[in-house]
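Observations on the three-dimensional arrangement
Chain by chain, the residues:
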There are 2 protein chains.
Amino acid sequence: MTPSSLDELIEALRCLPGVGPKSAQRMAYHLLQRDQRGAGRLARALSHALEVLRHCERCNTFTESEICERCANPRRDASLLCIVEMPADLAMIEQTQSYNGLYYVLMGRLSPLDGVGPRELKLDKLIARANDPAVAEVILATNFTNEGEATAHTIATLLSARGVKVSRLSRGVPVGGELEHTDTGTIAQALVERRSV
Amino acid sequence: MTPSSLDELIEALRCLPGVGPKSAQRMAYHLLQRDQRGAGRLARALSHALEVLRHCERCNTFTESEICERCANPRRDASLLCIVEMPADLAMIEQTQSYNGLYYVLMGRLSPLDGVGPRELKLDKLIARANDPAVAEVILATNFTNEGEATAHTIATLLSARGVKVSRLSRGVPVGGELEHTDTGTIAQALVERRSV
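In what follows, the accompanying structure is described. Everything numeric in this text was worked out from a predicted model, so none of it was measured.

1. Digging into helix 1 (residues 4-13) of chain A
- Along helix 1 of chain A, the positions that sit buried rather than exposed are Ser5, Leu6, Leu9, Ile10, Ala12 and Leu13 of chain A. Axial view of helix 1 of chain A: buried residues confined to an arc of 165°, hence all on one face.
- Of the surrounding elements, those touching the buried residues of helix 1 of chain A are helix 2 (21-34) of chain A together with helix 3 (36-52) and strand 2 (62-63) of chain B.

This is the structure in structure tokens:
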């Protein structure tokens, strides 16, 4: 006897990562009972984001225009291309204020168990980007987890075969750790000590 | 340099209970990158629920009509009125299949520290409902937590002063426990052994 619109909301909330039936129910009641304004704002933000956000033609991150602001900025050093897994990783590197090159955001990592291979990760788009003659060096800044290391290794192999100079963040980042949760000092150090591969 | 629509989505996701900045970011990336269909569905479900759901005039639960199906059902025993905190509690009591009366859903509990007093909980609406001459007995089925007990005590005092017969679920429900997480057998037992207060 739950109203169908409430059932549908609870079911829809389960698409959020880590949200099971009980959490979804709690969230639905909270939104409807305690925060209708927040709920309306969330509905509008979701619709708007789905409508306007797309991937930057150059760096693949989320943007509202064809080329994102960062890629379009002539003051960034176009000879350096730093490859990260997610926009959150990019944000952490920016916070170190020790890097002025460009980025390429994979929007994921190779993960054969989850069915994410080179094709799903659109590595051809990355290779096309890295083949830009303006790029003198590609810096691999994927996470130092098993999947991130495997991703870095695969990309290094692909790019080296095409004569692109490839480096990897130094191991200042703890093995098994994730960029997003690392302090900026460590990331800055790892940028300085990047090694050729 | 995050697009404003992405920033706004991350900020809007924080209205969900228990979701901090990092979780909101992870959720936003997941929705946009991995589950755009789920995101669209969530946006529509939210808008629709906000539009059509309201509180039943009689029992205060969420419904799409003026009076919910349960309250409008002539086969339910209108002489019994069971008071619960949330719709999830009501659902648990229904699952015991040992109660055929009506309900009143508080949509919360007295919680002075969170600024929820008798006025915020709209206890006057409950009192008006319980004063219906058809109601022979009010069964308090708030949780057996401190706040639930305090809520039951306050309601019992208010209703007893108006000559309404009030009972409380027996202590078959473990002290400190919550209805939502109790097995139906225990709740059924507690319904049978309800005591006058």
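Having seen the structure, we can now continue with the description.
2. Details of the pattern of salt bridges
- What the rule picks out here adds up to 16 salt bridges over all chains.
- The residue arginine 41 of chain B makes a salt bridge to glutamate 8 of chain A at a minimum N-O spacing of 2.8 Å. Taken together, the positions of arginine 41 of chain B in helix 3 and glutamate 8 of chain A in helix 1 put the pair across two chains.
- On the basis of relative accessibility, which here comes to 31%, the residue arginine 41 of chain B falls in the partly exposed class.
- Aspartate 132 of chain B is the salt-bridge partner of arginine 129 of chain B, the closest N and O atoms lying 3.5 Å from each other.
- Looking at arginine 129 of chain B, the relative accessible area reads 8%, which means it is buried.
- Three or more residues joined by partner-sharing salt bridges are found here, namely Arg58, Arg129 and Asp132 of chain A.

3. Description of the packing of aromatic side chains
Residues and elements named next belong to chain A.
- Enumeration over the complete set of coordinates arrives at four aromatic pairs over all chains.
- Each ring, one from tyrosine 99 and one from tyrosine 103, has its centre 5.2 Å from the other, and the planes form 65°; the classification is edge-to-face. Both residues of the pair, tyrosine 99 and tyrosine 103, count as buried.
- The residue whose ring lies beneath arginine 168 is phenylalanine 144, and the NZ or CZ to ring-centre distance is 4.0 Å.

4. Some details on the environment of cysteine 56 of chain B
All names here are of chain B.
- Residue placement: cysteine 56 occurs in the loop between strand 1 (54-55) and strand 2.
- The buried category is assigned to cysteine 56, whose relative accessible area is 0%.
- C-alpha of cysteine 56 to C-alpha of threonine 96: the two residues are 40 residues apart in sequence and 23 Å apart in space.
- If near-sequence neighbours (up to four positions away) are discounted, cysteine 56 is found in contact with Thr61, Thr63, Glu66, Ile67, Cys68, Cys71 and Lys125.

5. Digging into the pairing of strand 3 (residues 77-84) of chain B
Residue and element names in this part refer to chain B.
- Both strand 3 and strand 4 (residues 101-105) contribute to a ladder of five bridges, which runs parallel. Bridge pairing links cysteine 82 to tyrosine 103 in strand 4.
- Crossover handedness for the path strand 3 to helix 5 (residues 87-96) to strand 4: right-handed.
- The sheet contact formed by strand 3 and strand 5 (residues 137-140) spans four bridges and is parallel. Considered in strand 5, the bridge of cysteine 82 is made with isoleucine 139.

6. Things to note about the environment of leucine 106 of chain A
All names here are of chain A.
- Mapped onto the elements of the fold, leucine 106 is located in the loop between strand 4 (101-105) and helix 6 (123-130).
- Among the residues examined, leucine 106 registers a relative accessible area of 2% and is labelled buried.
- Here the alpha-carbon distance between leucine 106 and isoleucine 83, two residues 23 residues apart in the chain, equals 7.1 Å.
- In this structure leucine 106 touches Asn60, Ile83, Val84, Glu85, Leu121, Leu123, Leu126, Thr142, Thr151 and Ile155, once residues within four positions along its chain are discounted.

7. Let's talk about the nonpolar core
- Among the nonpolar cores identified, the biggest contains 84 residues, and Leu16 and Ile93 of chain A together with Leu16 and Ile93 of chain B are the most heavily contacted of them.
- Every residue in contact with leucine 16 of chain B, bar those within four places of it in the chain, is listed here: Leu13, Leu16, Met27, Leu31 and Leu42 of chain A together with Met27 of chain B.

8. Quick look at unusual backbone geometry
- Positive phi values are uncommon outside glycine, yet glutamine 97 of chain A reaches one of about 55°.
- Mapped onto the elements, glutamine 97 of chain A comes out in the loop between helix 5 (87-96) and strand 4.
- One non-glycine residue, asparagine 60 of chain B, lies in the positive phi region at around 75°.
- For asparagine 60 of chain B, a relative accessible area of 9% translates into the label buried.

9. Remarks on the relation of the copies chain A and chain B
- Least-squares fitting of chain A to chain B yields an RMSD of 0.2 Å, with the transformation described by 0.0 Å of translation along the axis and a rotation of 179°. Accordingly, the operation relating the two chain copies is best matched by a two-fold axis. Every residue of chain A has its C-alpha some distance from the rotation axis, and the shortest such distance is that of alanine 43 of chain A, at 2.2 Å.

Rules of the game
- Residues numbered from 1 in each chain as written.
- Chains lettered and ligands numbered in written order.
- Predicted model: local features only at pLDDT ≥ 70, side-chain atom pairs only at ≥ 80, totals over all residues.
- Heavy atoms only, no water.
- Buried < 20%, exposed > 50% of the residue type's maximum accessible area, 1.4 Å probe, protein only.
- Helix = DSSP H or I, 4+ residues; strand = E, 2+ residues; numbered from the N terminus.
- Arc of directions from axis to C-beta.
- Contact = heavy atoms within 4.5 Å.
- Salt bridge = Lys/Arg side-chain N within 4 Å of Asp/Glu carboxyl O.
- Phe/Tyr/Trp six-rings, centres within 6.5 Å; stacked < 30°, edge-to-face > 60°.
- Lys NZ or Arg CZ within 6 Å of the ring centre and 35° of its normal.
- Pairing = 2+ DSSP bridges.
- Right-handed = clockwise from strand over helix to strand, strands pointing away.
- Core = buried A, V, L, I, M, F, W, Y, C linked by side-chain atoms within 4.5 Å.
- Least-squares fit on C-alpha atoms with pLDDT ≥ 70 in both.

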